[in-house]
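Here are the chains, one letter per residue:
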Amino acid sequence: MSILKVARMGHPVLRQATPLVDPSEISKPEFQRLIDNMFDTMLEYEGIGLAAPQVHEGIRMFVAGVAGPDTVLSPIVIINPEIEPIGTRIDEDWEGCLSIPDVRGRVPRAAEIRVRALDRKGQQQTMTANGFPARVMQHETDHLDGVLFLDRMKSFESLTFIEEYGRYWEKSDS
């Protein structure tokens, strides 16, 4: 597969809302190849999610997946997502982004969500997510609407480079 070029903050593709994917496009080889290439790109850059606009594709789709000691988000393909918060609880936690390399900040997000979307085969799916998986899905869906995590921050006081995050913030969050 191929590693794709990741758009960085400032590129106009990151600020454009994406149109819905026509379900008839999903089964086409080039669409399936894009999905594979997005997973390869996400893994190459050690990401946990990657939206199509981040690889210069103006379509409403993202891939995600991560395994860790406390959280597992199995690899998923989400096409034409609709997200609905469940309840009113908002959690604020750290986020980063492959399009804003080496920077972290605290972002408020709905603690639990319901997601309606198409999967890799074009099948309708509905799922709920909470905690970290919910955060990832909201972050990636924001990319599909031209929104960056910086836009969601209440304050820039927590905005930090990864090196300083590891030095000063990560320890205090444990």
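Up top is the structure.
Notes on the structure in this doc start here. All figures in this text were calculated on a predicted structure; none of them were measured in a lab.

## Some thoughts on the sheet that holds strand β8 (residues 160–161)
At step 1: The three strands lie next to each other as β4-β5-β8, forming an open sheet whose pairing is antiparallel. In this open sheet, the two edge strands, each paired with only one partner strand, are β4 (90–97) and β8.
At step 2: With two bridges connecting them, strand β5 (residues 100–110) and β8 associate as antiparallel partners. Pairing of V103 across the sheet is with F161, part of β8.
At step 3: Each of β4 and β5 touches helix α2 (residues 131–144); the most contacted strand, β4, lies at about 60° to it.

## What to know about the packing of aromatic side chains
At step 1: Tallied over the full model, the rule gives one aromatic pair.
At step 2: The interplanar angle of 65° and the centroid separation of 4.9 Å between the aromatic rings of W94 and Y165 together place this pair among those described as edge-to-face. You can see W94 sitting in strand β4 and its partner Y165 sitting in helix α4 (residues 162–173), a full 71 residues away along the chain.
At step 3: Since its relative accessible area comes to 8%, W94 is described here as buried.
At step 4: Given the relative accessible area of 15%, Y165 is considered buried.

## Re α2
At step 1: Look at α2: 21 Å from first C-alpha to last across 14 residues, which is about the 20 Å you get at 1.5 Å a residue.
At step 2: For α2, the buried fraction is high: twelve of the 14 residues fall into the buried class.
At step 3: One or two steps after α2, the chain reaches G146, where phi turns positive at roughly 75°.

## Quick notes on the side chain of N80
At step 1: Assignment of secondary structure puts N80 in strand β3 (residues 72–85).
At step 2: A relative accessible area of 11% means that N80 is categorised as buried.
At step 3: A polar atom in the side chain of N80 sits 2.7 Å from the backbone nitrogen of V21.
At step 4: For N80, the residues in contact, after removing those within four places along its chain, are L20, V21, R60, R116, A117 and L118.

The rules we used
Residues numbered from 1 in each chain as written. Predicted model: local features only at pLDDT ≥ 70, side-chain atom pairs only at ≥ 80, totals over all residues. Heavy atoms only, no water. Pairing = 2+ DSSP bridges. Helix = DSSP H or I, 4+ residues; strand = E, 2+ residues; numbered from the N terminus. Contact = heavy atoms within 4.5 Å. Axes fitted to C-alpha atoms, helices over the stretch in contact; angles between N-to-C directions. Phe/Tyr/Trp six-rings, centres within 6.5 Å; stacked < 30°, edge-to-face > 60°. Buried < 20%, exposed > 50% of the residue type's maximum accessible area, 1.4 Å probe, protein only. Expected span 1.5 Å × (residues − 1). Polar contact = N/O pair within 3.5 Å; in protein donor to acceptor, adjacent residues only side chain to side chain.

No statement about biological role is implied by the geometric values presented.
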